[in-house]
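Chain by chain, the residues:
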Amino acid sequence: MVLKKKKEIQVDAFLLDQQQLEKLQRFSKAQEQNLASLLLHCAQLSNGIQQIQCIKQIMPLVSKMDQNSACDPMVKACLDILGETYFALGVKNPLKKVLASSLNGLPEQFMTLAIQSFVSCLKEELKTTDIYLYRKVLDNLASCMEDFSLGRASIKNLFEEVLQFLQKSLLDIQEENRQNHGNRIVQTQLMHDLLIAIKVSMMLVQKLQENIQGNLWRHESFVWQSMCSLLKSSTNFLMDETLLQTVQTTSGLAVILFTKAMYEPVEELPSLVSDLLLGSMKHTGVPAWFVSSCGILCTGELPDSVLLFLCHGALAMLEWKNGSMGENGEKLLLDIVSVLLSLSSELKESSMATSLSRIFAIWTSSALAALVSGSPDLKVKLNGNSDIIGKLLEYIYTHWEHPLDAVRHQTKLIFKNLLQIHRTTITGSNEKSDPFFAKLIKHLLSLEWHVKGKYASLGCLVECVGTENILQLDKTIPVQILDVMNDQSLAPYASDLLETMFTNHKTHFTLSFQETTWINQWHDIWVSPLLVILCEGNHDQTTYIIDYYLPKLLKCSPDSLSYMIRILQASADANLGKKINTVFVIMIGSRSTRGALGALMACLRTARAHGHLELSNIMSNGLVSTECIKQGLVHQHNQVCIDALGLLCETHRSTEIVSMEEMQLIQFFITYNLTSQSPSVRQQICSLLRKLFCRIQESSQVLYKLQQNKTNQELLENSTEKHPLGILQQYKVSSSHPTRFSALSVLGSIAEIFYVPKGQAQVFQLNQEINSARVQTLIQCFASTFEEVKVLAFGLLMKLRDVAFNLQDSEDLDLLFQAAMDLSTSTKPYDCVTASYLLNFLVHHKELHHICLGKWVEHNPQIDESTSVSTVEKNTLTVTKLLLVNVEEEIFQAKKSLLQAAASFPMYGRVHCITGALQQLPLNNLTLIAEWKEMVARLILMSYKLSAVVSPVVQSSSPEGLIPMDSDSESTGRLQMILHEIQPQDTNDYFMQVKTLKEHCKVESEELADHRPLENICTEMRGKERQTCDVTAQMVLVCCWRSMKEVSLLLGTLCKLLPSQAAPEPSGGLITVEQVKNIGEYFKHHLLQSRHRGAFELAYAGFVQLTGMLSRCNNESLHKMPEQWLSSVLEEIKSCDPSSTLCATRRSAGIPFYIQALLASEPKKSKTDLLKMTMEELMSLAAPANESSSVIPQVHALNILRALFRDTHLGENIMPYVADGIQAAILGFMSPVWAVRNSSTLLFSALITRIFGVKRGKDENSKKNR
């Protein structure tokens, strides 16, 4: 049973202007409905769906009009309005397609009028001169040519005007793109517009060929000149490597298409394309128009990418069927594959490798089409034993485990097509005994089973030679494949191969034998090994077999389920060690194996979930007893319990009614399994119970429809009251974490699923069962040390907040708020998280504003009491102000004594609460703009001040052992003295020694003067209450790096407030461009200066938010900042400046994170220019340096490369640089400098993981790790 969210279709309604409405009102009739009144009614509707229904009524109404109506001014006016509406609608609006579909049924007598109206509208469209509005015109042209007879007729009438517009748009967009060089957002938009323009030009040539062919013979005609211009523009785009690859690919298609439309005689076109691809073009005999338009393709050696796109164009745009191109076509086909094979060793970039594999697949499809009517010579050259096929097989073997999914998929398609090509060349021969197939099978079976490409290839061969022939070579193949399925990475491939084999085998048996006696043999081969493994296999293997293999087996042979039940039921009832049919020894099951009972539960669950059985039927027939299911529900093997629960909860139909017996069994399960210690088991239990609640909800709707209210009431009493309330009653504050997690998860599902708007039939209302004690219980969950418990409790309280607040009086709320404020300054890090959740809950209460006001009125007596402001916004602003005032005071105190701050009032808790409050606020829909602007400015200033206080510690060369021994009277001087030069200590005593501080530091001053060690100094720190506090270096460090973390996250959150259309002082934004630039400089400084890993890792989290915003921002100065920062830091790394503050130890500290964040901001679908530039620079720096030069740049480069190769965000774009990275790492091993050797080793380890994936087995020699 799959839970799917219902998608609501959104349709934007169209609007008519006042002039159009007045025109319709003049022609509409009140007493009867005519076309004008129908359109007027349609325009007055505000719902797009209703307008669609209204438009569908137009044609039935028009079809009833008589012949004379064509002269009616009303019809002309309505058709004009319909035309204007059609061109005004967006291309993705369903109304546009509905209107076109309706107008396709326009009676013949109205067609002339309609064409006139549409031609008039199209003329206005073609007058567009704004380049950024070209896209709308191009979309309209494409829509007109797409299954819309009226639109196509309009374009046909304005063919030359359309051609001129397309010619102009290509040139204008190209020039605009050139002028916006460096502005990636604008350039990306323009390139997509350019792509659409090229596609529309191609569509025009393909759809309206008769208009072109009639004018092309006159070389001086406008159409001919326009076609030459389109061909020249397409050639320029094809050669322009700064454009998106999709633009270049489409341009390759356009070049071949336009040339095909213009070239005469057509029979010589293949020779022209061959000469282009092979670089053997001779100008003699080549038309002058082709040389003038495509001269750049005729001279010199073409880039590899251009050759690839031309090959694609030739394969896609030329006709390969029916042998229409003759011998020249066959030669071109062979030349194309020769070029592609040569490119396969050159093109390594991920996007190019993907395109190459796809074009190889297209070539095999074209070759298949050409072979049908091809010459005997072509069949010889494409036979399986030919050189071409051999090279293609080598390509397949090399790429079938390529890192890119797309390449792997295409290699499978190529292999499948190669088999079909060979079958076509040996038509009439016995395929099963063919030497080529026999050789392939032998080769594939000789490979080890961990080779993923083996599975798909064998599956293709099974379709050619049959399963029976492969099993004759080795009957143990099914068992071997099942043994492989303990590895999840191989399980999908193995299950697909098994499905192909057993389906083919069953088909073979069905065709070969009249009787059904073959089923026993089929069961012995495909079902019996499965049952053995389900009973005795390890957990991973059985899980993957059940997930991947069992559903496919049952789908192929549903009748086999009875065989499985019979065998497993008998085995489960038998004594331990008893043999069944002498096939295998059955085990009852243990913690490590499922046993027969577990296998039975798994088979039943899978069968029911896929609709192969009804639980009530097998229980009534006695095949499976209630006691048997109960044994499964409390089995000592966790997965058996889950499968038994899944059997009760999962059904093929989500509306299947839950029986009383099922609910009793589920309640029996909950009694014993709610406290499971396994997180995965708890998650599965919650997921299955959620499916159960969905069944109850949806089946209740069925019962309501059937008007079986009595039955429904009984069902609800037994299914929802007992279950949720039972959970509530079992739930205690002191419950263990597993019980809390399970109970909260289930209650959250109940609150979500059984919620329906007021006025509708309620199945179950959880809020009716909530009392003050239970609300208190949920609130106390915030004190849990487990974040997931806090999240679940908060989510549940949000669903029940109206009831929860009604059950709390003002005194309770005051206490809760006071507790939150106290926890926000606790020295225990998880307390501030508790405070954040408490405050986020309380800000939804209407009275909280007044409670907060009393707390901070002395600091800020002016509060806006606007009644139009939402409760959440007003309360959040109040809470944020209160927290800010407190943290500002604490920062002031921390400047005097950082030790006192770490021991008494660590500031990070307040900042964490502020960030949490802002994150749940609708930042783009605020009312108190002026107040929030002031607040944001103060928050940014506070962040800088806090960072200035704690940054000396996290930027120290040895932050782990630093403990500034300051006092109120001598804070500045003493802190600077200690920070001047930290001498790292390696003894545990230094790091763990408790240090306290007295108000008077005479002893310390004397020892500092004598330069004696500070390790045994014992002082006291006394706060306001004169209580002694012990402070360790770790406490100071935790306070400082957590403060840095929270500052980074807060600044990252604030950066999101910048509008996408940024101006120097945006009126609608809460943060200015200048503030964003300053935040960027802050991140840059701290990422490049921090030494503590926790500090720069978490600064990275905020910096990524900033760079992501900058990449989407239209403000050019902001948009270019990542590129400028990147160039700057790379230049500083290269410079070897002795005054540089970049950290060369600690694996380059925050520098790799800084560069990662900058590269992560680059859109994945772009040309990734920043990545290319960075990798080229780093590879050159990572190469062994001269003896005279510094090795620091090399160390930085190796450390940064390691981080980039480990970064999953860069994905496939980083793969082309792996080979160079390996080379740099290995050469670094030979460096005499230890730092280089160390960084090289780390880089090499990262590259091995990137190439081969993570280890999947503890045994180094395991096949899993190969």
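So, a few notes on the structure that sits alongside this text. Here the structure is a predicted model, which means the values were calculated and not measured. (Residues numbered from 1 in each chain as written. Predicted model: local features only at pLDDT ≥ 70, side-chain atom pairs only at ≥ 80, totals over all residues. Heavy atoms only, no water.)

**Quick notes on the overall build of the protein**
To keep it simple, the criterion reads: A helix here means a DSSP run of H or I that spans at least four residues, while a strand means a run of E at least two residues long, and both kinds are numbered starting from the N terminus. Any residue under 20% of the maximum accessible area for its type is buried, any over 50% is exposed, and the rest in between are partly exposed; the area is computed with a 1.4 Å probe on protein chains only. We call two residues in contact whenever any of their non-hydrogen atoms come within 4.5 Å of each other.
Looking only at helices and strands, the protein has 62 helices and two strands in total. Looking at the protein as a whole, 54% of its 1266 residues qualify as buried. Within the protein, contacts between residues at least 6 apart in sequence are counted, and of these 74% link residues at least 24 apart.

**Comments concerning the nonpolar core**
Put simply, the rule is: The set of buried Ala, Val, Leu, Ile, Met, Phe, Trp, Tyr and Cys residues whose side-chain atoms join them within 4.5 Å is what this entry labels a nonpolar core.
Of all hydrophobic cores here, the largest spans 394 residues; its most connected members are Ile336, Trp363, Tyr549, Phe841, Leu1106, Ile1155 and Phe1205. When sequence neighbours within four positions are dropped, the list of residues in contact with Phe1205 reads Met1175, Met1179, Ile1214, Tyr1217, Val1218, Gly1221, Leu1243, Leu1247 and Arg1250.

**Some points on the packing of aromatic side chains**
To keep things clear, this is the line we draw: To pair, rings of Phe, Tyr and Trp, with the six-membered ring standing in for Trp, must have centres within 6.5 Å; the planes then decide the type, stacked if under 30 degrees apart, edge-to-face if over 60, and tilted in the middle.
This model, assessed by the stated rule, comprises 24 aromatic pairs. On the basis of an interplanar angle of 75° and a centroid distance of 5.3 Å, the ring pair of Tyr134 and Phe165 is categorised as edge-to-face. Of this pair, Tyr134 sits in helix H8 (residues 134–144) while Phe165 sits in helix H10 (residues 159–179), and the two are 31 residues apart along the sequence. With relative accessibility at 5%, the residue Phe165 sits in the buried group. Taking the centre distance of 6.4 Å and the plane angle of 65° together, the rings of Tyr263 and Trp289 count as edge-to-face. Taken together, the residues span a long stretch of sequence, with Tyr263 in the loop between helix H14 (245–262) and helix H15 (269–278) and Trp289 in helix H16 (residues 288–298) at a distance of 26 residues.

**Topic: unusual backbone geometry**
Here the amide bond leading from Glu264 into Pro265 is cis, since omega sits at -5°, within 30 degrees of zero. Relative to the helices and strands, Pro265 is located in the loop between H14 and H15.

**Some thoughts on the packing of helix H34 (residues 626–633) against helix H36 (residues 660–673)**
In plain terms, the rule: Angles run from 0 to 180 degrees between N-to-C directions of axes, and those axes are lines fitted to C-alpha atoms, restricted for helices to the stretch in contact. Each angle is binned into one of four classes, with values under 35 degrees roughly parallel, values over 145 roughly antiparallel, values of 65 to 115 roughly perpendicular, and all other values oblique. Whether a crossing is left-handed or right-handed is set by the direction in which the near helix is turned from the far one by less than a right angle, anticlockwise for left-handed and clockwise for right-handed. For this classification, Asp, Glu, Lys and Arg are treated as charged, while Ala, Val, Leu, Ile, Met, Phe, Trp, Tyr, Cys and Pro are nonpolar and the rest, including Gly, are polar.
Running from N to C, H34 and H36 cross one another at 30°; their axes reach a closest spacing of 10 Å. In terms of axis orientation, H34 runs roughly parallel to H36. In terms of crossing hand, the pair formed by H34 and H36 is right-handed. Contact residues: H34 offers Thr626, Ile629, Lys630 and Leu633, while H36 offers Glu661, Leu665, Phe668, Phe669 and Asn673. Residues of the contact of H34 with H36, tallied by class, amount to five nonpolar, two polar and two charged.

**Things to note about the pattern of salt bridges**
Quick note on the threshold: Think of a salt bridge as a Lys or Arg side-chain nitrogen and an Asp or Glu carboxyl oxygen that are within 4 Å of each other.
Counted according to the given criterion, the structure contains 25 salt bridges. Between Arg938 and Glu888 there is a salt bridge, with its nearest N and O atoms 3.1 Å apart. Pair noted here: Arg938 is in helix H49 (residues 929–954) and Glu888 is in helix H46 (residues 871–896), with a separation of 50 residues, a long-range link. For Arg938, a relative accessible area of 24% puts it in the partly exposed group. When its relative accessible area of 31% is taken as the criterion, Glu888 is described as partly exposed. Salt bridges linked by common partners bring Arg608, Arg653, Glu656, Glu662 and Arg695 together as one network.

**Description of helix H41 (residues 787–799)**
Put simply, the rule reads: Given the number of residues in a helix, its expected span is that number minus one, multiplied by 1.5 Å.
Here H41 contains 13 residues, and its C-alpha end-to-end distance of 19 Å stays within 8% of the 18 Å for a straight helix at 1.5 Å per residue. Taken together, the buried positions of H41 are Val789, Lys790, Ala793, Phe794, Leu796, Leu797 and Met798.

**Structural notes on the state of the cysteines**
Worth spelling out the cut-off: Throughout, disulfides are identified as pairs of cysteine sulfur atoms within 2.5 Å of each other.
This structure, assessed with the given rule, holds zero disulfides. Not engaged in a disulfide, the cysteine Cys464 finds its nearest cysteine sulfur in Cys460; these two sulfurs lie 7.5 Å apart. Residue classification places Cys464 among the buried positions, given a relative accessible area of 7%.

**A word on helix H62 (residues 1234–1252)**
Our working definition: The arc in question is formed by the directions pointing from the helix axis toward the C-beta atoms.
Over its 19 residues, H62 extends 27 Å from the first C-alpha to the last, a length consistent with the 27 Å expected when each residue adds 1.5 Å. Buried within H62 we find Val1236, Ser1239, Ser1240, Leu1242, Leu1243, Ala1246 and Leu1247. Looking down the long axis of H62, one finds its buried residues gathered within 165° of arc, a one-sided arrangement. Among the exposed residues of H62, those oriented more than 90 degrees off its buried face are Trp1234 and Phe1252. On its buried face, H62 is in contact with helix H60 (1192–1206) and helix H61 (1218–1228).

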